[in-house]
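# What the coordinates show
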Amino acid sequence: MDVPDGLDVEGAGGLAGVPDGFERLWTPHRMAYIGGADKPADDAAGEGCPFCRAPGLGDQEGLVVARGTVAYVVLNLYPYNGGHLLVCPYRHVADYTDLTDDEVAEVAALTRTAMRVLRAVSAPQGFNLGMNQGQVAGAGIRAHLHQHVVPRWGGDANFLPIVARTRALPELLADTRDRLAAAWPAAGE
């Protein structure tokens, strides 16, 4: 086979590619997320919704960090950073304006506690907080509202996400869940 100058057909099992000076970091496990794994098939409440399903599992299996009366805290299965938490009402509700007063109050209180616990456990230098309302706003699971609590450190936005579409997380999700749950204050504290 005649190969044009600069074309590498050996390094990738015969697949052609022009060298560009970059090393590649392959993360095939991300294809599950990109392909829609763990995303509901529809907007219905129930077992198809991961935020309806998680509280019905054991805390370790469901990655639940803390439980309140009308809302709970869970680790993000596909975190932006280590310790990325989600505060969710138990009730399957999509829009913030549809929350009850009790749900608004507990989501806010759990968010504040999540920030305090993350500061104690991981010493982040800041946080991103937010809710993506609707698919066009970036909501991956739009039918069940969830508040993001993302700890941030100087330098955490490094070359990996930009060049390699890869996040380097320093700890397994189960270990992060255990550390945060152990540091979570008991009810009434």
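What comes next is a walk through the structure. From a predicted model like this one, the values you see are computed outputs, not experimental measurements. (Residues numbered from 1 in each chain as written. Predicted model: local features only at pLDDT ≥ 70, side-chain atom pairs only at ≥ 80, totals over all residues. Heavy atoms only, no water.)

Another point: the overall build of the chain. Looking only at helices and strands, the chain features 6 helices and 5 strands. Across the chain, helices and strands are ordered from the amino to the carboxyl terminus as α-α-α-β-β-β-α-β-β-α-α. For the chain, the proportion of its 189 residues judged to be buried stands at 32%. Of the contacts made within the chain by residues no fewer than 6 positions apart, 58% connect residues no fewer than 24 positions apart. Here the chain displays about 11400 Å² of accessible surface, and carbon together with sulfur accounts for 54% of that area. (Helix = DSSP H or I, 4+ residues; strand = E, 2+ residues; numbered from the N terminus. Buried < 20%, exposed > 50% of the residue type's maximum accessible area, 1.4 Å probe, protein only. Contact = heavy atoms within 4.5 Å. Areas by Shrake-Rupley, 256 points an atom, 1.4 Å probe, with all protein chains shown as cover.)

Attention shifts here to the environment of Gly130. Tracing the chain through its elements places Gly130 in strand S4 (residues 126–130). Measuring from C-alpha to C-alpha, the distance between Gly130 and Val150 comes to 8.8 Å, with 20 residues separating the pair along the chain. Once you skip the residues sitting within four places of it in the chain, Gly130 turns out to touch His146, Gln147 and His148.

Let us now look at the sheet that holds strand S1 (residues 64–67). Ordered by their spatial adjacency, 5 strands build an open sheet running S1-S2-S3-S5-S4, and the pairing between neighbours is antiparallel. The sheet is open, and its two borders are formed by S1 and S4, each paired with just one other strand. Averaged over all neighbouring strand pairs, the angle between strand axes comes to 20°, with direction disregarded. The pairing of S1 with strand S2 (residues 71–75) spans 3 bridges and is antiparallel. When the sheet's bridge partners are listed, Ala66 is paired in S2 with Val73. (Pairing = 2+ DSSP bridges. Axes fitted to C-alpha atoms, helices over the stretch in contact; angles between N-to-C directions.)

The next thing to look at is the nonpolar core. In terms of nonpolar packing, the biggest core is built from 28 residues, with Val73, Leu85, Val149 and Trp184 touching the most fellow members. Those elements giving two or more residues to this core turn out to be helix H2 (50–53), S1, S2, strand S3 (85–89) and helix H4 (101–122). It is H4 that provides the largest number of residues to this core, a total of 6 residues. In contact with Val73, not counting residues within four places along its chain, are Leu63, Val64, Val65, Ala66, Leu85, Leu86, Val87, Leu110 and Trp184. (Core = buried A, V, L, I, M, F, W, Y, C linked by side-chain atoms within 4.5 Å.)

Summed over the entire model, instances satisfying the criterion amount to 4 salt bridges. Residue Asp43 is joined to Arg142 by a salt bridge in which the shortest nitrogen-to-oxygen separation is 3.6 Å. Taken together, the positions of Asp43 in the loop between helix H1 (30–34) and H2 and Arg142 in the loop between S4 and strand S5 (147–152) put the pair 99 residues apart, joining distant regions of the chain. With relative accessibility at 38%, the residue Arg142 sits in the partly exposed group. Asp178 serves as the salt-bridge partner of Arg177, at 3.0 Å between the closest nitrogen and oxygen. When its relative accessible area of 32% is taken as the criterion, Asp178 is described as partly exposed. (Salt bridge = Lys/Arg side-chain N within 4 Å of Asp/Glu carboxyl O.)

Attention shifts here to H4. Between its terminal C-alpha atoms H4 stretches 31 Å, which fits the 32 Å expected from 22 residues at 1.5 Å a residue. Looking at H4, one finds that the buried residues are Glu103, Glu106, Val107, Leu110, Thr111, Thr113, Ala114, Met115, Val117 and Leu118. Where H4 is buried, its residues meet S2, S3, S4, S5 and helix H6 (173–183). Looking one or two residues beyond H4, the residue adopting positive phi is Ala123, at roughly 50°. (Expected span 1.5 Å × (residues − 1).)

In this section: the packing of H4 against H6. The contact between H4 and H6 brings their axes to 9 Å, and the two run at 115°. Between H4 and H6, the angle falls in the class roughly perpendicular. As H4 packs across H6, the resulting crossing turns out to be right-handed. Between H4 and H6, the residues in contact are Val117, Leu118, Val121 and Ser122 and Arg179, Leu180 and Ala183, respectively. A per-class count over the contact of H4 with H6 returns 5 nonpolar, 1 polar and 1 charged. (Parallel < 35°, antiparallel > 145°, perpendicular 65-115°, else oblique. Left-handed = near helix turned anticlockwise from the far one by under 90°. Nonpolar A, V, L, I, M, F, W, Y, C, P; charged D, E, K, R; others polar.)

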